Amino acid sequence: MDLRFAPELEEWRQEVRDFLVKECPREYCFDSDFEEYDGKWDFAFAFNKKLGAKGWVGTSWPTEYGGLGKPPIYRAIFMQEIDLHGAPLINSIGWGLAGGTLLKFGTPEQKQRLLPPIARAETFWAEGLTEPDYGSDLASLQTRAERDGDEWVVNGTKTFTTWGHRADVLYLAARTDPNVPKHKGISIFCLDMKAPGVTMSPMENIGGGRQNHTFFDNVRIPPDMMLGEENQGWHYIMNSFYGGGGGGGGELNRVFNHLVEYCKETHRNGQPLSKDPLVRAKLTDLAITLETMKIIGWDGLYRMEHEVPPDFGGSLGVVLFKEFFPHFAQTCMEILGPLGQLQSSRWAPMAGEVEHLFRRSYGNHAGGTSQVKRMVLATRGLGLPR
């Protein structure tokens, strides 16, 4: 079995890698979920416009919408290199959730109007799904969208709106029919974040980032801003959440590589850490799981390309990542010792990289907690009763 990539794919990987080295200095690499430094965000917006100008934001999108029309494997390699470099590829709700919905379910007019600005990194999207009283029970959402003439009027509250204070538009799920089963009465809207009646209050998190409570008070949405068909929102969201991936765990692979080098260079009790059998066992444990995540990711990509339903309701890789992330960060801390808790000090090992990773590792609620994903795995994947 030949597990190498084809020559043209390796050429693509090297093209992306060379561009990142040239255009994205290490000091501007950051996690947009958990950092609020305006200077880095200014760089991120400018950097993503460069990606958009090359058609890389929509690598696998049709060319008429600003993409390159490449097979999904090109997108997966691009994402893998972005993660390994640590480059700030922002707007995942735009090119991911909203883009996926529009490409598959949007009207021809919506695709032509909304997709090119995403591909050019001109519009920044946030996600309006989770609500304060329902959390991962997304189908129970209570934000209402009611008709008033040709327009929709929205009232309600969303929470954990990451990037909401920086976004242009919101991928909003709202209940449009309260008289049908809860999964069947939800619709998706593109909501202008500067529309009258939209307000926010910040939610600072321990990882160093900001989410938001977002409030809608009689916010009016034009009729052409409903994405797809009325009351089909649950299907659209699930289609996006359970799509395939590829690669898997790029950031953790980058940190792991740094950790291995640190263990080779750092001596304790007269020998490199990499010679300590306990440290070697911990590194091996991490390496095995990282490789498993890669394989699951590539399997998901294959299934997406060939339109094969994902195994275990599409939740196997998600559960593994969500539960492995804090274990990974904790294991790194155990290897580094007490100094690993330092963030900005000349004594901080790996320049404080693990300290920040540790604080972020428990923020894994996005897209549903691991407990919810385990239920999906059990019921949809294994056919177990609820």
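In short, a report on the structure. Computed from a prediction, not measured in an experiment: that's the story for all the values here.

### Quick notes on the side chain of Ser361
Among the secondary structure elements, Ser361 is positioned in the loop between α10 (353-360) and α11 (370-381). Of the residues examined, Ser361 reaches a relative accessible area of 0% and is grouped as buried. Within the local environment of Ser361, its side chain forms a polar contact with the backbone oxygen of Phe358, the two atoms lying 2.8 Å apart.

### Describing the environment of Thr107
Position of Thr107 relative to the elements: it lies in the loop between α4 (92-105) and α5 (108-119). C-alpha separation for the pair Thr107 and Arg4, spaced 103 residues apart in sequence, amounts to 39 Å.

### Some thoughts on the pattern of salt bridges
Applying the stated rule across the entire model yields 24 salt bridges. Across the salt bridge formed by Lys40 and Glu35, the nearest N and O atoms sit 3.3 Å from each other. Note on Glu35: relative accessible area 10%, which makes it buried. Across the pair Glu334 and Lys282 runs a salt bridge whose closest N-O atoms are separated by 2.8 Å. Placement of the pair is Glu334 in helix α9 (residues 316-336) and Lys282 in helix α8 (residues 277-305), with a sequence separation of 52 residues. Lys282 gets classed as partly exposed once you look at its relative accessible area, which sits at 30%.

### Concerning the packing of aromatic side chains
Summed over all chains, the structure comprises 18 aromatic pairs. Aromatic pair Trp12 and Tyr74: ring centres 5.8 Å apart, planes at 55°, arrangement tilted. Pair noted here: Trp12 is in helix α1 (residues 7-23) and Tyr74 is in helix α3 (residues 72-85), with a separation of 62 residues, a long-range link. Tyr74 gets classed as buried once you look at its relative accessible area, which sits at 13%. Three or more aromatic residues link up through ring pairs in this structure, and these residues are Trp12, Phe19, Tyr28, Phe43, Phe47, Trp56, Tyr74 and Phe78.

### Comments concerning a nonpolar patch on the surface
Side chains of Leu339, Leu342 and Trp347 sit close together on the surface and give an oily, nonpolar patch of about 300 Å² of accessible area. Locating Leu342 in the fold gives a position in the loop between α9 and α10.

### What about the packing of helix α7 (residues 250-265) against α10?
Closest axis-to-axis distance for the α7/α10 pair is 11 Å, and the angle between their directions is 145°. Once α7 is placed against α10, the crossing between them reads as left-handed. Counting all contacts with α7, which are made through Glu251, Leu252, Arg254, Val255 and His258, the residues of α10 involved are Glu353, Val354, Leu357 and Arg360. Of the residues in the contact of α7 with α10, the class split is four nonpolar, one polar and four charged.

### Concerning the pairing of strand β2 (residues 144-148)
Inspection of the sheet shows β2 paired to strand β3 (residues 151-158) by five bridges, in the antiparallel sense. When the sheet's bridge partners are listed, Ala145 is paired in β3 with Val154. Between β2 and β3, which follow one another and run antiparallel, lie two residues, and Gly149 among them has a positive phi close to 70°.

### Some remarks on the pairing of strand β7 (residues 210-221)
Pairing analysis gives six bridges linking β3 to β7, with the strands arranged antiparallel. When the bridges of β7 are listed, Val153 appears paired with Arg220. Examined bridge by bridge, strand β6 (residues 198-204) and β7 share seven bridges and lie antiparallel to one another. From the neighbouring strand, Thr199 faces β7, where its bridge partner is Phe215.

Procedures and definitions
- Residues numbered from 1 in each chain as written.
- Predicted model: local features only at pLDDT ≥ 70, side-chain atom pairs only at ≥ 80, totals over all residues.
- Heavy atoms only, no water.
- Helix = DSSP H or I, 4+ residues; strand = E, 2+ residues; numbered from the N terminus.
- Buried < 20%, exposed > 50% of the residue type's maximum accessible area, 1.4 Å probe, protein only.
- Polar contact = N/O pair within 3.5 Å; in protein donor to acceptor, adjacent residues only side chain to side chain.
- Salt bridge = Lys/Arg side-chain N within 4 Å of Asp/Glu carboxyl O.
- Phe/Tyr/Trp six-rings, centres within 6.5 Å; stacked < 30°, edge-to-face > 60°.
- Patch = residues over 30% accessible without salt bridge, like charges linked within 9 Å, V, L, I, M, F, W, Y side chains within 5 Å.
- Areas by Shrake-Rupley, 256 points an atom, 1.4 Å probe, with all protein chains shown as cover.
- Axes fitted to C-alpha atoms, helices over the stretch in contact; angles between N-to-C directions.
- Left-handed = near helix turned anticlockwise from the far one by under 90°.
- Contact = heavy atoms within 4.5 Å.
- Nonpolar A, V, L, I, M, F, W, Y, C, P; charged D, E, K, R; others polar.
- Pairing = 2+ DSSP bridges.

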